[in-house]
Amino acid sequence: AAGIGTLAFITTMYLFDFPDWKSPAGKVCRKATWWIFVGGITVVILLTTGDYPYGPICLFALYTPMWLVTIKNVFFSDTRTRTYVSWLSGPLFFVSLLTGLVWMVWTFLRDENEWNEVTRVYYAESAGCKPDFETYPQCASESDPEEVCFTIPEEYSEIVFPEGCDPECTKVYDNCLNTFILWVGPMLVGMVLFFMSFFCTFLRTENDEKDVINFAKLWIFLLFTVWLTSALAGVAAGVSTALLAITLASFVGSAIFMASSISSSERRVQTKGFWERIKDKWGAHLDAVRGLVVVLTAPIAVIYLFMSVLNQAVRKIGLPISKSLQTDEERKDFVTSRARRQIETFRSWDRSKVFTYAVFWGFAFMVMQVIVARFTVLFLSWLIEKTTPLGLWAVTGIMIGVGLLMFMLPPVPGVPIYLTLGIVTLATGRETLGIIGCMLYGAAVSLCLKLLACTLQQKAIGEQLSNYVSVRKAVQINSNLIKSMRLILGQRRWFSVDKVAILIGGPDWPTSVLCGLMKLDLFPILLGTTPVIFLILPTMLTGSFTYMSGLTLDDGQLEFPWAGVLATMSAALTAIVQFGSMIVAAYYLEQTASQRTEELDAIPVDVEVKKLEDKEKNLNRCYTEVTQWQLVPWTAKLTLQLSLVCMVACCYMVQLFSSLCFADYQLTYTIDENLDGDWTNLILPLGRVALVLFAASLVLLYFFRVWAKCEAKKLAERSIS
């Protein structure tokens, strides 16, 4: 009710043009409207905390910039907002570090502070989480079908399972994310503050253009987080969803910082010239950015246009509180003048190229969120189930073979493979090597597997593909980015920070294959890759501790009640190491590209690629010409538009309704127990619809591109003749 009321209120005020109320009373009403809207959203988020327990932390991420800017306005009114925000970098980093350290100390002070099976179940019951009797009907109490069959004494030192109650019945609370988010909340708050401290360092420059470039780096971080949460989805799908939601909220909070750092007068004066400079310098990449905007905001844009039509209808009524229509052109139009300008801007885009990029962005998202996050975890869980009864050495051989095969797939990151090794080595080798021995053995196997995969990716794939000019052209071998990578990775120092950061922070398959395409020496690359052990160790320990947290003694009590805490900390450390290495790699690549221009220019141009690029310039020009939107026939337009609609629809389905698209499934689950013995049960009916739309989108895009290439070839042949 609160959500509907808030939405109805802000919609009504929008239709009456409240942002344009300029009178003294109007300004008061305008501010009051915004406060009511913010308050309503806050109430809605708090009321839905039971379903979305990470909501309050998202609010923290949104409100922190607001109250920090408020403090500036009260106590530092004479200081520029940009300068004040840049001051916050150090304090925010210190508080984030202190918060994380205090939380870790607190978890080990008392047993009841640890996250284990007993505390998980105890707090789930205290929080009012509903047990999942639909999946586990045998776990209901005989005396009260609404209650679970087990009990926890007041001192909650153990779980008591009466006769006939299986220790597996604690899984009735597996879907209760609320208590875990509360327990891990301080660490998530620390991550939010760390993100904001990272952003505040960007505003230390006085260059507005550089600010936007730096802000774009946050989008790179956001996309990386999607990839990382996909990789960690095998540990806890709900946690990865929470991490992504908090990241988005932190990003919005940082946007508030950026908006508040530039005054409205500065925006009016600088916007036009600033965007002209951006177009001149980055115009070749703007269509890709526009494609990302389209796939992210298409449904929102449709709603906005519908609201614009209603707003224009209200204006035509001529109410005193509505904005008046000044010209006959405005009176005849069915949308507002602002919406009309935005529509005209959109129509000026190269829509064929923008829509194509949008489908490509959606394809990348679906690969990460479905193929990596769902099916990779499903396959690895099946592998764990099948290999657990085997001996350690047999399992090692199987995992090396399967791991190498998965490393050969471009979208699959190494993290799920290391997680799996952490589980299976402990499950099969505990009696032989002991727990510590299994962890060390698993880390050694993971490192050897990574180095062997790098060797195959570089020598068997990269160097072989380097013989194909079209492949070298596709990776832009003559670009400054690839030349910068060549300078850094080709240096003689084995363990320089920049070299190691790229080899660890970059995506596994693309980085190694690029080394092969650039024909770099293998041995220095392998040595520079060995520090990946600092990523492997926490990742593998996450898998080991996750497995240990589910082990029970004969009496049904947990054998390692502290393992859940260490699994969480290991997962957090994995994210920090991977994220940190990526940021360092991006920093050094940018520094190399901007400061070592003479060395970059001294790198010989790939003549064959240059000739191919020159040869294809005419064909590319023809492709651009025949795909100009006003020249594209309606059948081709419809094909590309349907492809875009299908891709946007499936992406929104998978992201917003993931629980309706796919069954909850983790690395430690089994197909027999959690999917009723049929792996296809992972995909729910809505998920099947999303996958059909995904496939349809790709097929339609293929047809459009085939048509466009044929037309471009015909035009090129006519121009030559």
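Residues numbered from 1 in each chain as written. Predicted model: local features only at pLDDT ≥ 70, side-chain atom pairs only at ≥ 80, totals over all residues. Heavy atoms only, no water.

Colleague: An account of the overall build of the chain is requested, with residue identities and associated values reported.
Modeller: Summing up its helical and strand segments, the chain has 28 helices and zero strands in all. Across the 721 residues of the chain, 47% fall into the buried class. In the chain, once contacts between residues fewer than 6 apart in sequence are set aside, the share between residues at least 24 apart is 77%. Carbon and sulfur atoms make up 65% of the accessible area of the chain, which amounts to about 36400 Å² in all. (Helix = DSSP H or I, 4+ residues; strand = E, 2+ residues; numbered from the N terminus. Buried < 20%, exposed > 50% of the residue type's maximum accessible area, 1.4 Å probe, protein only. Contact = heavy atoms within 4.5 Å. Areas by Shrake-Rupley, 256 points an atom, 1.4 Å probe, with all protein chains shown as cover.)

Colleague: Can you lay out the packing of aromatic side chains for me, pointing to particular residues and giving the numbers?
Modeller: Counted under the stated rule, the structure contains 17 aromatic pairs. Here Trp34 and Phe37 contribute two aromatic rings whose centre-to-centre distance is 6.2 Å and whose plane-to-plane angle is 75°, an arrangement assigned as edge-to-face. Highlighted residues: Trp34 and Phe37, both in helix α2 (residues 24–47), separated by three residues, approximately one helical turn. Judged by relative accessible area, Trp34 falls into the partly exposed class, the value being 43%. Classification of Phe37 by relative accessible area gives partly exposed; the value is 26%. Seen in terms of ring centroids, Phe407 and Tyr418 are 6.3 Å apart; in terms of plane orientation they differ by 50°. Their pairing is tilted. (Phe/Tyr/Trp six-rings, centres within 6.5 Å; stacked < 30°, edge-to-face > 60°.)

Colleague: Account for the packing of helix α5 (residues 89–109) against helix α7 (residues 178–200), naming residues and giving values.
Modeller: With their axes 8 Å apart at the nearest point, α5 and α7 run at an angle of 160° to one another. The angle between α5 and α7 places the two elements in the roughly antiparallel class. When you trace α5 past α7, the crossing you get is left-handed. Contacts between α5 and α7 pair Ser89, Leu92, Phe93, Val95, Ser96, Thr99, Trp103, Trp106 and Thr107 from the former with Trp183, Val184, Pro186, Met187, Gly190, Leu193, Phe194, Met196, Ser197 and Cys200 from the latter. Its residues assigned to classes, the contact of α5 with α7 shows 13 nonpolar, six polar and no charged. (Axes fitted to C-alpha atoms, helices over the stretch in contact; angles between N-to-C directions. Parallel < 35°, antiparallel > 145°, perpendicular 65-115°, else oblique. Left-handed = near helix turned anticlockwise from the far one by under 90°. Nonpolar A, V, L, I, M, F, W, Y, C, P; charged D, E, K, R; others polar.)

Colleague: Tell me about a nonpolar patch on the surface, residues and numbers included.
Modeller: Together, Phe93, Leu97, Leu101, Met104 and Phe194 line one region of the surface with nonpolar side chains, adding up to about 430 Å² of accessible area. Here the nonpolar patch takes four residues from α5, the largest share from any one element. Considering the arrangement of structural elements, one finds Leu97 in helix α5. (Patch = residues over 30% accessible without salt bridge, like charges linked within 9 Å, V, L, I, M, F, W, Y side chains within 5 Å. Salt bridge = Lys/Arg side-chain N within 4 Å of Asp/Glu carboxyl O.)

Colleague: Before we move on, can you summarise the pattern of salt bridges with the specific residues and values?
Modeller: According to the stated counting rule, one finds twelve salt bridges in the structure shown. For the salt bridge of Arg331 with Asp328, the shortest nitrogen-to-oxygen distance reads 2.7 Å. A residue pair is termed a helical-turn pair when its members lie 3 or 4 positions apart in one helix, as Arg331 and Asp328 do in helix α11 (residues 328–332) at three residues. When its relative accessible area of 40% is taken as the criterion, Arg331 is described as partly exposed. By relative accessible area, Asp328 is classed as exposed at 53%. In this structure, the salt-bridge partner of Glu625 is Arg621, at a minimum N-O distance of 3.2 Å. Remark: Arg621 and Glu625 occur in helix α24 (residues 607–626); sequence separation between them is four residues, near one turn of the helix. The class for Glu625 is partly exposed, based on a relative accessible area of 35%.

Colleague: Which residues make up the side chain of Ser352, and what values go with them?
Modeller: Among the secondary structure elements, Ser352 is positioned in helix α13 (residues 351–387). Apart from residues no more than four positions distant in its own chain, Ser352 is found in contact with Thr627, Trp629, Val632, Leu640 and Phe704.

Colleague: With reference to specific residues and values, describe the state of the cysteines.
Modeller: Overall, the coordinates contain two disulfides when judged by the stated rule. Not part of a disulfide, Cys515 finds its nearest cysteine sulfur in Cys454, a span of 8.1 Å. Residue Cys515 is classed as buried on the basis of its relative accessible area of 1%. (Disulfide = S-S within 2.5 Å.)

Colleague: Any chance you could break down the packing of helix α3 (residues 55–75) against α7 for me, citing the residues and the numbers?
Modeller: At their nearest, the axes of α3 and α7 sit 10 Å apart, and the two run at 30° to each other. Classified by the interaxial angle, the pair formed by α3 and α7 is roughly parallel. As α3 packs across α7, the resulting crossing turns out to be right-handed. Side by side, α3 and α7 meet where Ile57, Phe60, Ala61, Thr64 and Pro65 of the first sit next to Ile181, Gly185, Leu188, Val189, Val192, Leu193 and Met196 of the second.

Colleague: Could you give an account of α13, with specific residues and numbers?
Modeller: The terminal C-alpha atoms of α13 lie 51 Å apart, and with 37 residues this matches the ideal 54 Å at 1.5 Å per residue to within 8%. In α13, a bend of some 30° at Ile371 exceeds every other bend along the element. (Expected span 1.5 Å × (residues − 1). Bend = angle between axes of the 7 residues up to and from the residue.)

Colleague: So what's going on with a negative patch on the surface? Which residues, and what values?
Modeller: A contiguous patch of negative charge, built from Glu125, Asp144, Glu146 and Glu147, is present on the exposed surface. Mapped onto the elements, Asp144 comes out in the loop between α6 (117–126) and α7. (Lys, Arg positive; Asp, Glu negative; His and termini not counted. Charge placed at Lys NZ, Arg CZ, Asp CG, Glu CD.)

Colleague: Give a description of the confidence of the model for the chain that names residues and reports values.
Modeller: Here the chain averages 80 in pLDDT, and 87% of its residues register 70 or above. For the chain, helix α8 (residues 208–232) is the element with the lowest average pLDDT, namely 47, and helix α25 (residues 634–656) is the one with the highest, namely 92. (pLDDT = per-residue confidence, 0-100.)

Colleague: Can you lay out the side chain of Asp132 for me, pointing to particular residues and giving the numbers?
Modeller: Topologically, Asp132 is positioned in the loop between α6 and α7. A relative accessible area of 18% places Asp132 in the buried class.

Colleague: Describe in detail helix α18 (residues 497–505), supporting the description with residues and values.
Modeller: Along α18, eight of the nine residues are buried, which leaves the element largely enclosed by surrounding structure. Restricting attention to buried positions, one finds in α18 the residues Asp498, Lys499, Val500, Ala501, Ile502, Leu503, Ile504 and Gly505. Residues of α18 that are buried in the fold lie against α17 (480–489), α19 (508–517), α20 (522–529), α21 (533–548) and α22 (563–595).

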